[in-house]
Amino acid sequence: MRHGKKVNHLGRKTAHRKSMLANMACSLIEHKRINTTVAKAKALKQFVEPLVTKCKEDTTHNRRLVFSKLRNKHAVTELFRDVAVKVADRPGGYTRIIKLGNRLGDNAQMALIELVDYNETYNTEKKSKSTRRSRRSRGGNKANTPAPAPVETQASNEEE
């Protein structure tokens, strides 16, 4: 039974695991997406999401709490300045894990982990609702508009 074994140790000692997750979190904040294994991506998601939640409220205490985890002042300032603005209205779920397949060398499952609000391809719902219409709505508008001039008049003029 695995009672009380919530943490995935990732085959590393505690200090190595914490340093690795801090470095990966700094890279994720800086580049907005990184490639890694699925297990590391899941561990990183659990590590980063509470930090992003803390960055929504910019206080000295929250900055110090985040700095104690990340240990990189440039990542902390970018998190509180840039990322906090984008995720201010989001109630959680700040990262997305996309599985990429297996790595060639050791067949490990690879994944792309990214900050959700920084991917423009998935954030097109708002734009598409305002610009696109379905065929059904255009067909209804054609019935209400007057018919265009018939083409036969031009052909009948040529015959005469």
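Reading the values: the criteria
- Residues numbered from 1 in each chain as written.
- Predicted model: local features only at pLDDT ≥ 70, side-chain atom pairs only at ≥ 80, totals over all residues.
- Heavy atoms only, no water.
- UniProt positions renumbered as here; feature names shortened; annotations may be inferred.
- Helix = DSSP H or I, 4+ residues; strand = E, 2+ residues; numbered from the N terminus.
- Contact = heavy atoms within 4.5 Å.
- pLDDT = per-residue confidence, 0-100.
- Core = buried A, V, L, I, M, F, W, Y, C linked by side-chain atoms within 4.5 Å.
- Buried < 20%, exposed > 50% of the residue type's maximum accessible area, 1.4 Å probe, protein only.
- Pairing = 2+ DSSP bridges.
- Axes fitted to C-alpha atoms, helices over the stretch in contact; angles between N-to-C directions.

- Under an unreviewed UniProt entry, the protein has the name Large ribosomal subunit protein bL17 and belongs to Kordia periserrulae.
- What the UniProt record of the protein gives under Sequence similarities (unreviewed entry) is the line "Belongs to the bacterial ribosomal protein bL17 family."

Side note on the overall build of the protein
Part 1 of the reasoning: Counting secondary structure elements, the protein contains seven helices and three strands.
Part 2 of the reasoning: In the protein, the order of α-helices and β-strands from amino to carboxyl end is α-β-α-α-α-β-β-α-α-α.
Part 3 of the reasoning: The contacts in the protein between residues at least 6 apart in sequence include a share of 54% that link residues at least 24 apart.

Focus on the confidence of the model for the protein
Part 1 of the reasoning: Mean pLDDT over the protein: 87, with 76% of residues reaching 70 or higher.
Part 2 of the reasoning: Mean pLDDT across the secondary structure elements of the protein bottoms out at helix α5 (residues 125-131), with 53, and peaks at helix α3 (residues 60-70), with 98.

Notes on the nonpolar core
Part 1 of the reasoning: One finds L44, F47, V52, L70 and L79 to be the most contacted residues of the largest nonpolar core, which totals 32 residues.
Part 2 of the reasoning: Every element with two or more residues in this core is listed here: α1 (14-31), α2 (38-55), α3, α4 (73-86) and β3 (109-115).
Part 3 of the reasoning: For this core, the element with the highest residue contribution is α2, accounting for nine residues.
Part 4 of the reasoning: Other than its neighbours up to four places away in sequence, L70 contacts A22, A25, C26, I29, F47, L51, A75, V76 and L79.

Looking at the sheet that holds strand β1 (residues 33-37)
Part 1 of the reasoning: Pairing is antiparallel in the open sheet, where three strands are placed in the order β1-β3-β2. Two strands in the sheet have a free side with no partner beyond their single neighbour: β1 and β2 (95-102). Neighbour-to-neighbour, the strand axes of this sheet turn through a mean angle of 25°, independent of strand direction.
Part 2 of the reasoning: Taken together, the seven bridges between β2 and β3 define a ladder with antiparallel strand orientation. Note on β3: the bridge partner recorded for N102 is Q109.
Part 3 of the reasoning: With respect to the sheet, α2 is in contact with β1, β2 and β3, its orientation differing from that of β1 by roughly 130°.

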